[in-house]
Amino acid sequence: MARTRPLLPEWFHRLGSPKGFYQMTSSWMPWLAVTAAVLLLVGTVWGLGFAPQDAKQGNSFRIIYIHVPAAFLALAGYYVMAAAGAIGLVWKMKLAHMVMKAAAPLGAALTLISLVTGSLWGKPTWGTYWVWDARITSMLVLFFLYLGVIALHYAYTNGEAASKASAVLALVGTANIPIIYKSVDWWYTLHQPATIKLTQAPSMHPDMFYPLLVMIAGFYCFYALVLLLNTRSEILHRERRTRWVLDMAEGGRS
Amino acid sequence: MFQFDSLSAFIAMGGHGPYIWLSYLATALVLLWLVATPLLRTNRLMSALKRQQTLQHRESGKYQDISPGPRTEERSP
């Protein structure tokens, strides 16, 4: 008889247990932090000082180097949060609930960045800080969805009920994401159409485009870093009565 | 190549300076806040757990340590 092989590799099970996840990700943190810091620094200096200015908008277009990456991650982060919520609901996986909780304030902050920088970009470009157009309004709805998920976590004293309720809200809110993506095509809007499309060459000069790519990569690394930081903090809080956390507290930092 | 002739031109950004610098400053503050919150929260938890354990060890020590040892340094009248 053939020996039964495990269905899933060992690291997958380690990922599923909060303790295993915590220990596995410990060695990733310094690498992620350094990569994110270097990419963001290089991208910022490149975008602010070395990219050529836009023919129509002048220097105000340099806000793109934070506005677009922040908006990108605000949207991608919503998928992360909703997917983690769904996994938590279906497989009752504790770690997935923790990831969902970790993704909410991060996504809210990135949405806020894209709204604020968009508004500061709008003033010199469109002559106004704010318009109630489709793209901007649907981004504001995204911000409130994130806030709703955060609020639901505080509304319940029972942690499991809180996770379930916020997972359902996160999943329902997913309907907003395609609306945001398509808003610039479906409705008349001041907002310019997407700069980067997967199916076409970018509508930007390479000298302007490369620093944007660096910034997007930097924001991705930053997102991963903070998502892990939040999740790891949440793991320690939920497992604070277990031996391994107490031992770690006594043995110093890790 | 650096796009500006002087530092003052770089800061002015052709009149768009305030908008650009405010955007980058606000973003930097939010990103720092995002990194700092989980680190501070974890630190607070870990030092609370450590304090709690030290207290527990001392408590259990009171009942176990029956020999008249030098355990009087705890409180002075």
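This is a predicted model, so every value here is computed, not measured.

**Let's talk about the overall build of chain B**
Scanning chain B from N- to C-terminus turns up two helices and zero strands. Put simply, chain B has 77 residues, and 13% of those count as buried.

**Quick look at the overall build of chain A**
From N to C terminus, chain A includes 10 helices and zero strands. In sequence order, the secondary structure elements of chain A are arranged as α-α-α-α-α-α-α-α-α-α. Taking the principal axes of its C-alpha atoms as reference, chain A extends roughly 65 × 45 × 35 Å. Counting contacts in chain A only where the partners sit at least 6 residues apart, residues at least 24 apart contribute 75% of the total.

**Here's the deal with helix 7 (residues 159-173) of chain A**
Residues and elements named next belong to chain A. Taking 1.5 Å of rise per residue, 15 residues should cover 21 Å, and helix 7 covers 21 Å from first to last C-alpha, within 8% of that figure. When helix 7 is considered as a whole, its buried residues turn out to be Ser163, Ser166, Ala167, Ala170 and Gly173. Along the axis of helix 7, the buried positions cluster into a sector of 125°, meaning they face one direction only. Away from its buried face by more than 90 degrees, helix 7 exposes Glu160, Ala161 and Val172. Residues of helix 7 that are buried in the fold lie against helix 4 (64-91), helix 5 (94-126), helix 6 (134-155) and helix 8 (176-186).

**Examining the nonpolar core**
All names here are of chain A. Core analysis: the largest hydrophobic core is formed by 70 residues, its most contacted members being Met81, Ala103, Leu106 and Phe222. Among the elements that make up this core, the one with the highest residue count is helix 5 (16 residues). What alanine 103 contacts, discounting residues up to four positions off in sequence, is Gly77, Val80, Met81, Ala84 and Leu227.

**Notes on the packing of helix 4 of chain A against helix 5 of chain A**
Residue and element names in this part refer to chain A. The contact between helix 4 and helix 5 brings their axes to 8 Å, and the two run at 160°. One finds that helix 4 runs roughly antiparallel with respect to helix 5. As helix 4 packs across helix 5, the resulting crossing turns out to be left-handed. Residue composition of the contact of helix 4 with helix 5, grouped by class: 19 nonpolar, 10 polar and no charged.

**Some details on unusual backbone geometry**
Phi at lysine 92 of chain A is positive, roughly 50°, even though this residue is not glycine. The exposure class assigned to lysine 92 of chain A is exposed, which follows from the 12 C-beta atoms found within 10 Å. With phi around 50°, methionine 13 of chain B is a residue other than glycine that occupies positive phi space. Tracing the sequence through the fold places methionine 13 of chain B in the loop between helix 1 (7-12) and helix 2 (17-64).

**Some points on the interface of chain A and chain B**
Often, the extent of an interface is quoted as the loss of accessible area upon association of its parts. On the side of chain B, 28 residues touch chain A, which itself brings 33 residues to the contact. Of all the elements in the fold, those that place two or more residues in the side of chain A that touches chain B are helix 3 (28-50), helix 5, helix 9 (206-238) and helix 10 (243-250) of chain A. Ranked by the residues each element gives to the side of chain A that touches chain B, the list is headed by helix 5 of chain A, at 10 residues. Here the residues of the side of chain A that touches chain B sort into 18 nonpolar, 10 polar and five charged.

**Describing the confidence of the model for chain B**
On average, residues of chain B score 83 in pLDDT, and 78% of them are at 70 or above. Across the predicted assembly, pTM comes out at 0.87 and ipTM at 0.88.

**Here we look at the packing of helix 5 of chain A against helix 9 of chain A**
Residues and elements named next belong to chain A. Where helix 5 contacts helix 9, the axes come no closer than 8 Å and their chain directions differ by 130°. With respect to helix 9, the element helix 5 is oriented oblique. When the axes of helix 5 and helix 9 are compared, the crossing they make is right-handed. Of the residues in helix 9, those touching helix 5 at Met98, Val99, Lys101, Ala102, Ala103 and Leu106 are Tyr223, Val226, Leu227, Asn230, Thr231, Glu234, Ile235 and Arg238. Residues of the contact of helix 5 with helix 9, tallied by class, amount to nine nonpolar, two polar and three charged.

**Re helix 3 of chain A**
Since the α-helix turns once every 3.6 residues, residues separated by three or four places project in the same direction. End to end, helix 3 of chain A covers 32 Å across 23 residues, agreeing with the expected 33 Å (1.5 Å per residue, within 8%). Within helix 3 of chain A the residues assigned to the buried category are Ala36, Leu39, Leu40, Gly43, Thr44, Gly47 and Leu48 of chain A.

**Concerning the environment of serine 166 of chain A**
All names here are of chain A. Along the chain, serine 166 turns up in helix 7. Under the C-beta neighbour-count criterion, serine 166 is labelled buried, with 25 such atoms within 10 Å. Setting aside its immediate chain neighbours within four residues, serine 166 contacts Gly85, Met100, Val149, Leu152 and His153.

**Considering the environment of asparagine 59 of chain A**
Structurally, the position occupied by asparagine 59 of chain A is in the loop between helix 3 and helix 4. With 23 C-beta atoms counted inside 10 Å, the residue asparagine 59 of chain A sits in the buried group. Along the primary structure asparagine 59 of chain A and tyrosine 78 of chain A are separated by 19 residues, whereas in three dimensions their C-alpha atoms are 31 Å apart. Not counting the four nearest positions on each side in its chain, asparagine 59 of chain A is found in contact with Gln53 of chain A together with Met13, Gly14, His16 and Ile20 of chain B.

**Some details on the environment of serine 6 of chain B**
By the secondary structure assignment, serine 6 of chain B is in the segment before helix 1. Separated by 35 residues in the primary sequence, serine 6 of chain B and arginine 41 of chain B place their C-alpha atoms 43 Å from one another.

Basis of the calculations
- Residues numbered from 1 in each chain as written.
- Chains lettered and ligands numbered in written order.
- Predicted model: local features only at pLDDT ≥ 70, side-chain atom pairs only at ≥ 80, totals over all residues.
- Helix = DSSP H or I, 4+ residues; strand = E, 2+ residues; numbered from the N terminus.
- Buried ≥ 20, exposed ≤ 12 C-beta atoms within 10 Å, placed from the backbone.
- Contact = placed C-beta atoms within 7 Å.
- Expected span 1.5 Å × (residues − 1).
- Arc of directions from axis to C-beta.
- Core = buried A, V, L, I, M, F, W, Y, C linked by C-beta atoms within 7 Å.
- Axes fitted to C-alpha atoms, helices over the stretch in contact; angles between N-to-C directions.
- Parallel < 35°, antiparallel > 145°, perpendicular 65-115°, else oblique.
- Left-handed = near helix turned anticlockwise from the far one by under 90°.
- Nonpolar A, V, L, I, M, F, W, Y, C, P; charged D, E, K, R; others polar.
- pLDDT = per-residue confidence, 0-100.

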